[in-house]
Amino acid sequence: MKKTLVHPTYFGSIAQFVALSQAEKVCFEVNDNYQKQTYRSRQYIYGANGRLLLNIPVKHNKSNAGKQKYKDIKIEDSFKWQLNHWRSLETAYRTSPFFEYYEDEFIYLYEKPFDFLLDFNFECLKALSECLQLDLDFSQQTTSYQLPEEIDHTKILDVRTLVNAKKEPKFNFSTYEQVFNDKYGFLSNLSALDLLFNEGPNALTYLESQLLELS
């Protein structure tokens, strides 16, 4: 059985959930170094003015920049980012077909304090996976970091590049109805929350039917 190797992220993009939904077995990368401007600490949703970034503030060790382990990164809690993010989600999706149906499954994430980014991201992934009715084993995690060239690609499908929010490939995913379609058209590969709030129980079928092309 081939494993899919993937990063835990802030909910995760649709591309990442396409990979998760089609995986035979999933292993989460937890031994990498933290990098900025990735889906580890951000997600994009469809706001009233188009594509909207929600970014989690983190505490950086300036003397050790670029060498901090992802699992050691702490969330910066000096201002109310959780409240701001939840309000943004409400504003963006309150009129979507399924927001009210699922909101109770997510609101606790924005009310409960979290110290570590990785812990918060795992909670986000668990909550979203349950709503999608996607059965994932979160106990399968890496014990050490391997470079892409060190991986046995006959046994492991490495999709860790899906964590990169910048310079990601253009995915030709099927369109679905979005709240602000009439203003800005279809926006592809947003947070998987966008798909869930708009498609509800059909979201998993959508994910399983998409073709994920990685360069």
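The structure under discussion appears in the preceding block.
Residues numbered from 1 in each chain as written. Predicted model: local features only at pLDDT ≥ 70, side-chain atom pairs only at ≥ 80, totals over all residues. Heavy atoms only, no water.

(A) Region of the structure containing the overall build of the chain. Broken down by element type, the chain carries seven helices and five strands. Whereas a compact globule of 215 residues would reach a radius of gyration of roughly 17 Å, the chain reaches 17 Å, a difference of no more than 12%. In terms of principal-axis extent, the alpha carbons of the chain reach across some 45 × 40 × 30 Å. Looking at the chain as a whole, 50% of its 215 residues qualify as buried. Put simply, the chain shows about 11100 Å² of open surface, and 46% of that area lies on carbon and sulfur atoms. Looking at the chain, you have 24 positive and 29 negative side-chain charges, and the mean spots of the two groups are 9 Å apart. (Helix = DSSP H or I, 4+ residues; strand = E, 2+ residues; numbered from the N terminus. Rg over C-alpha atoms; globule rule 2.2 N^0.38 Å. Buried < 20%, exposed > 50% of the residue type's maximum accessible area, 1.4 Å probe, protein only. Areas by Shrake-Rupley, 256 points an atom, 1.4 Å probe, with all protein chains shown as cover. Lys, Arg positive; Asp, Glu negative; His and termini not counted. Charge placed at Lys NZ, Arg CZ, Asp CG, Glu CD.)

(B) The side chain of Gln210, seen in detail. With respect to the helices and strands, the residue Gln210 is situated in the segment after helix H7 (203–209). On the basis of relative accessible area, Gln210 is assigned to the buried category, the value being 6%. A distance of 3.1 Å separates the side chain of Gln210 from the side chain of Ser209, its partner in a polar contact. Once residues lying within four places of it in the same chain are set aside, the contact partners of Gln210 are Val18, Gln22, Phe173 and Ser174. (Polar contact = N/O pair within 3.5 Å; in protein donor to acceptor, adjacent residues only side chain to side chain. Contact = heavy atoms within 4.5 Å.)

(C) Representation of the packing of aromatic side chains in the model. With the rule as written, the count across this model stands at 21 aromatic pairs. Residues Phe99 and Phe197 carry aromatic rings whose centres are separated by 5.0 Å and whose planes lie at 65 degrees to one another, so their mutual orientation is edge-to-face. Note that Phe99 is positioned in helix H3 (residues 99–102) and Phe197 in helix H6 (residues 192–199), a separation of 98 residues in sequence. What makes Phe99 buried here is its relative accessible area of 0%. (Phe/Tyr/Trp six-rings, centres within 6.5 Å; stacked < 30°, edge-to-face > 60°.)

(D) Representation of the sheet that holds strand S5 (residues 156–158) in the model. An order of S2-S1-S5 is seen for the three strands of this open sheet, with the pairing classed as parallel. Each of the sheet's edge strands pairs with one partner strand only, and the pair in question is strand S2 (25–28) and S5. Neighbour-to-neighbour, the strand axes of this sheet turn through a mean angle of 30 degrees, independent of strand direction. Where strand S1 (residues 3–6) meets S2, four bridges bridge the pair, whose relative direction is parallel. Each bridged residue has a counterpart across the sheet, and for Leu5 the counterpart in S2 is Cys27. (Pairing = 2+ DSSP bridges. Axes fitted to C-alpha atoms, helices over the stretch in contact; angles between N-to-C directions.)

(E) Representation of the environment of Leu54 within the structure. Relative to the elements of secondary structure, Leu54 occurs in strand S4 (residues 50–55). Under the relative-accessibility criterion, Leu54 is labelled buried at 4%.

(F) Region of the structure containing the nonpolar core. Residues Tyr10, Phe11, Phe17, Phe106, Leu109, Phe120 and Leu128 are the most contacted members of the largest nonpolar core, which totals 66 residues. Mapped by element, the contributors of at least two residues to this core are helix H1 (14–21), S2, strand S3 (42–47), helix H2 (81–93), H3, helix H4 (117–132), H6 and H7. Per element, the largest residue contribution to this core is ten residues, and it comes from H4. With residues up to four places along the chain from it excluded, the contact list for Leu128 reads Phe11, Phe17, Phe106, Ala192, Leu193 and Leu196. (Core = buried A, V, L, I, M, F, W, Y, C linked by side-chain atoms within 4.5 Å.)

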